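Take a look at the letters that make up each chain.
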Amino acid sequence: MLDVMADVTRTLGGAVLMDGNRLRDEIVAQLRVEVEAAGSPPVCLATVLAGDDRPSHVYVRAKHKKAEEAGMLSRGVALPGSASQAEIEDEVGALVDDPSVHGILVQLPLPEALDPEPVLALLTPEKDVDGLTERSMGRLVRGLPGHVPCTPLGVMRLLDRYGVPTSGARAVVVGRSTLVGLPLTLLLARKGVDATVTLAHSRTPDLVETCRQADLLIAAAGSARMIGPRHVQPGATVVDVGVSRTEAGIVGDVDFDAVQAIAGAITPMPGGTGPMTIACLLQNTLVAARMQNAFPA
Ligand code: NAP
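**A word on the sheet that holds strand S2 (residues 44-50)**
What the three strands build is an open sheet, ordered S3-S2-S4; its pairing is parallel. Looking at the sheet topology across the chains shown, the edges are occupied by strand S3 (73-79) and strand S4 (103-106). When strand polarity is set aside, the average angle formed by the axes of neighbouring strands in this sheet is 15 degrees. Taken together, the seven bridges between S2 and S3 define a ladder with parallel strand orientation. Looking across to S3, one finds that Cys 44 is bridged to Leu 73. Across the sheet, helix H2 (residues 54-69) is in contact with S2, S3 and S4; its angle to S2 comes to roughly 170 degrees.

Next up, the structure:
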């Protein structure tokens, strides 16, 4: 059973709406208080963007805006789509060497001609606030301190804030990418979180049946509205990570209107996991500054 706060919003069907915008705003405000209480030492997030993918520009702009609201500095490096591998690596290398930059986010996907792996490999674990390098991932797997990828961390924060029980819960994650599904599986299965996790993907037979077993269903497949009411156990918590651009606009993996009538709690789309990704990026940036002794412990 969901142990919900008194002041939650519910959907028309009565599900608790897990409001990512609201929680992001709370986290940003809390970060600002922390920064100001420490005397506003400069905490700086740098972003690296190559090419002119429109959604990437929108995401990066939102990250800078929220960094400012959190009382942090931000620096944006924008390269043309024609940038060479050496150019982007030089830019990232310079940010890694710059002690006034505490966190670095390389906005993915990079243009096709660029290989993201050698670029990410330049990031030190301390500055890898997106948590996507092999060293950060390795730390996550081994349970060592390090930055956790922002989208999975945002999902965990939402579950925590809305009192969704995880211990003993059967969780199903749909999507096995290293960006979302795989790290989320690790976080849910961690000691102390204690969910029993099934990681589903495009080769999972009986996806409907698998999903219907879930107390906690997290869709991170990028397949428009693929999760319908038949996938959902009555009362389950449903989290939508997917973002698909369709002729009808931007939609998630979950058919919200139909599923909200069955679910016990559900994230809206937009306004669910997306804002939480940004909030967690900023939290990671403050932690990064601490790791680099640029912010009081
Ligand atoms: P990805 O690398 O393309 O991985 C998608 C995963 O979903 C794969 O494991 C794939 O299975 C599985 N999948 C795809 N269609 C499926 C289906 N019909 N049934 C079952 N499994 C299916 O994508 P990603 O980078 O993880 O991103 C997933 C989604 O999250 C995208 O829509 C992305 O835009 C969104 N996203 C949102 C945020 C946010 O802040 N909300 C952040 C990052 C990403 P196979 O492995 O078998 O191919």
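**Quick notes on the pairing of S4**
Here S4 shows no split at all, with Gly 103 and Leu 105 on one side and Ile 104 and Val 106 on the other all buried. Taken together, the four bridges between S2 and S4 define a ladder with parallel strand orientation. Bridging across to S4, Leu 45 finds its partner in Gly 103.

**Side note on the site of the ligand**
What surrounds the ligand is a group of 21 residues, the closest being Arg 176, Ser 177, Ser 202, Val 243 and Thr 277. Taking Val 243, its main chain carries an N or O atom lying 2.8 Å from an oxygen atom of the ligand. In this structure, an oxygen atom belonging to the ligand sits 2.7 Å away from a side-chain N or O atom of Thr 277. Protein contacts shield 67% of the accessible area of the ligand, which totals 930 Å² for the unbound molecule. Among the elements that take part in the shell around the ligand, helix H10 (residues 273-291) stands out by supplying three residues, more than any other. Along the lines of polarity and charge, the residues of the shell around the ligand split into nine nonpolar, 11 polar and one charged.

Quick notes on the rules
- Residues numbered from 1 in each chain as written.
- Predicted model: local features only at pLDDT ≥ 70, side-chain atom pairs only at ≥ 80, totals over all residues.
- Heavy atoms only, no water.
- Pairing = 2+ DSSP bridges.
- Helix = DSSP H or I, 4+ residues; strand = E, 2+ residues; numbered from the N terminus.
- Axes fitted to C-alpha atoms, helices over the stretch in contact; angles between N-to-C directions.
- Contact = heavy atoms within 4.5 Å.
- Buried < 20%, exposed > 50% of the residue type's maximum accessible area, 1.4 Å probe, protein only.
- Near = heavy atom within 4 Å.
- Polar contact = N/O pair within 3.5 Å; in protein donor to acceptor, adjacent residues only side chain to side chain.
- Areas by Shrake-Rupley, 256 points an atom, 1.4 Å probe, with all protein chains shown as cover.
- Nonpolar A, V, L, I, M, F, W, Y, C, P; charged D, E, K, R; others polar.

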